[in-house]
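# Results of the structural survey
Chain residues, written in single-letter form:
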Amino acid sequence: MQTRKLGLSDLYLTTIGLGTWAMGGGDWKFGWGPQDDTNSLNAIHAALDQGINWIDTAAIYGHGHAEEVVGKAIKGIRNEVIIATKCGRIWEGDSREIGKSLRANSIRREVEASLKRLAIEVIDLYQIHWPEPDEEIEEGWGTIAELVKEGKIKYGGVSNFSLEQLKRAQAIHPITSLQPPYSMLRREIEEEIMTYCGTNQIGIIAYSPMQAGLLTGKFTKERAAGLPESDWRSRHPFYMEPQLSINLRTIDQLRKIANEKKISLSQLSLAWVLRNKEVTSAIVGARSPQQIEETAKAGDMSMTKTEVEAIEEVLTWRINNL
């Protein structure tokens, strides 16, 4: 699989990265429902076998559980994998409540806990998960800069930052990467953020490029209605009426384009995200080896101008009907 240089760093990421959100399990507020650890471990190893060279996780995924799973999976092969994790979402003990802190002492506690769960000595990319509380951004990003100097982490990145927040952080210490949501159904970063990142050599790592399963083409009204309460999607407007019907009709049209190209809708969705030179990589979640084996192939796919224009027509219809 091809690689792209991440911002100003010396990290070269494969165009597809493995996301571990679902591997945290369903026992937390934003879980994806129950998940078997054996399947998670097998999915991670399958991703590496497919040529994927980096894994994205976060302390809050399953309240530390996803990081523990990743730590087990990479034991003995640490030097072959780039590890990215996140901070800023906290919890106390067995509490399921999620707090927000970017205070220096909080981030320092988080980084030590993540290093221990991952069983590694240094984190390749450490990201502020959410820019909250907003008034603590400067303190939080300043702490990330200190951790780079101290050798706890190699590079610092941010996730879910607005343009104004990016500028505030960039003034303190160079941002290596931004991790925003980006898919055919969520295109907000195209307005200003993508240009800013390109100009300032900030790598973009797109998360949810398949819109949390919608753009796999395997979602139906029945599946949406059957989502368990432990799955955060059961509470999101994208998976509820009236948006759900519009999204499913959009997906039917996109599937026709994928069929003409003789690829899956998942692969089309990823190729569309990766068509932008500003995007370094797209994060793909997986619950099983079979899922990642299909999507990994999209890392080397390209799109024609005609295909991009056909997709744009479908997406314009969706916006006009929301």
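These notes cover the structure that comes with them. (Residues numbered from 1 in each chain as written. Predicted model: local features only at pLDDT ≥ 70, side-chain atom pairs only at ≥ 80, totals over all residues. Heavy atoms only, no water.)

Moving on, we get to the sheet that holds strand β5 (residues 82-87). If you walk around this closed barrel you meet the 8 strands as β3-β4-β5-β8-β9-β10-β11-β12, and the pairing is parallel. Along the sheet, successive strands turn relative to each other by an average axial angle of 30 degrees, direction set aside. Bridge analysis of strand β9 (residues 153-159) against strand β10 (residues 177-179) gives 3 bridges, and the strand direction is parallel. Paired with Val-158 across the strands is Leu-178, a residue of β10. (Pairing = 2+ DSSP bridges. Helix = DSSP H or I, 4+ residues; strand = E, 2+ residues; numbered from the N terminus. Axes fitted to C-alpha atoms, helices over the stretch in contact; angles between N-to-C directions.)

A word on the pairing of strand β8 (residues 123-128). In terms of burial, β8 is a largely internal element, 6 of the 6 residues being buried. Where β5 lies against β8, 4 bridges are found, and the strand directions are parallel. Its bridge partner lying in β8, Thr-85 is registered against Tyr-126. Here β8 runs beside β9; their pairing, made up of 5 bridges, is parallel. In the strand pairing of β9, Gln-127 is matched with Gly-157. The β-α-β motif built from β8, the intervening helix α4 (residues 137-150) and the parallel element β9 has right-handed crossover chirality. (Buried < 20%, exposed > 50% of the residue type's maximum accessible area, 1.4 Å probe, protein only. Right-handed = clockwise from strand over helix to strand, strands pointing away.)

In this section: the packing of aromatic side chains. Taken as a whole, this structure holds 2 aromatic pairs when the rule is applied. On the numbers, 6.0 Å between centres and 10 degrees between planes, the contact of Trp-21 with Tyr-61 is stacked. Of the two residues, Trp-21 is situated in the loop between β3 (16-19) and α1 (37-49) and Tyr-61 in the loop between β4 (54-56) and α2 (65-73); the sequence distance between them amounts to 40 residues. Residue Trp-21 is classed as partly exposed on the basis of its relative accessible area, which comes to 22%. Seen in terms of ring centroids, Tyr-182 and Trp-272 are 5.4 Å apart; in terms of plane orientation they differ by 35 degrees. Their pairing is tilted. Pair noted here: Tyr-182 is in the loop between β10 and α6 (193-199) and Trp-272 is in helix α9 (residues 265-274), with a separation of 90 residues, a long-range link. An identical accessibility class is assigned to Tyr-182 and Trp-272; each is buried. Positioned over the ring face of Trp-272 is Arg-275, at 4.0 Å from the centre of the ring. Over the face of the ring belonging to Phe-238 we find Arg-318, whose NZ or CZ atom lies 5.4 Å from the ring centre. (Phe/Tyr/Trp six-rings, centres within 6.5 Å; stacked < 30°, edge-to-face > 60°. Lys NZ or Arg CZ within 6 Å of the ring centre and 35° of its normal.)

Let us look at the nonpolar core. By size, the foremost hydrophobic cluster in this structure holds 83 residues, and its most contacted members are Tyr-126, Leu-166, Leu-214, Leu-254, Leu-268 and Ile-311. When residues of this core are assigned to their parent elements, the largest contribution, 7 residues, is made by α9. When near neighbours in sequence (up to four residues on either side) are disregarded, Ile-311 contacts Met-184, Leu-254, Ile-257, Leu-268, Trp-272 and Met-303. Counting 10 residues, the second largest nonpolar core, distinct from the first, contains Trp-54, Ile-205, Tyr-207 and Ile-283. (Core = buried A, V, L, I, M, F, W, Y, C linked by side-chain atoms within 4.5 Å. Contact = heavy atoms within 4.5 Å.)

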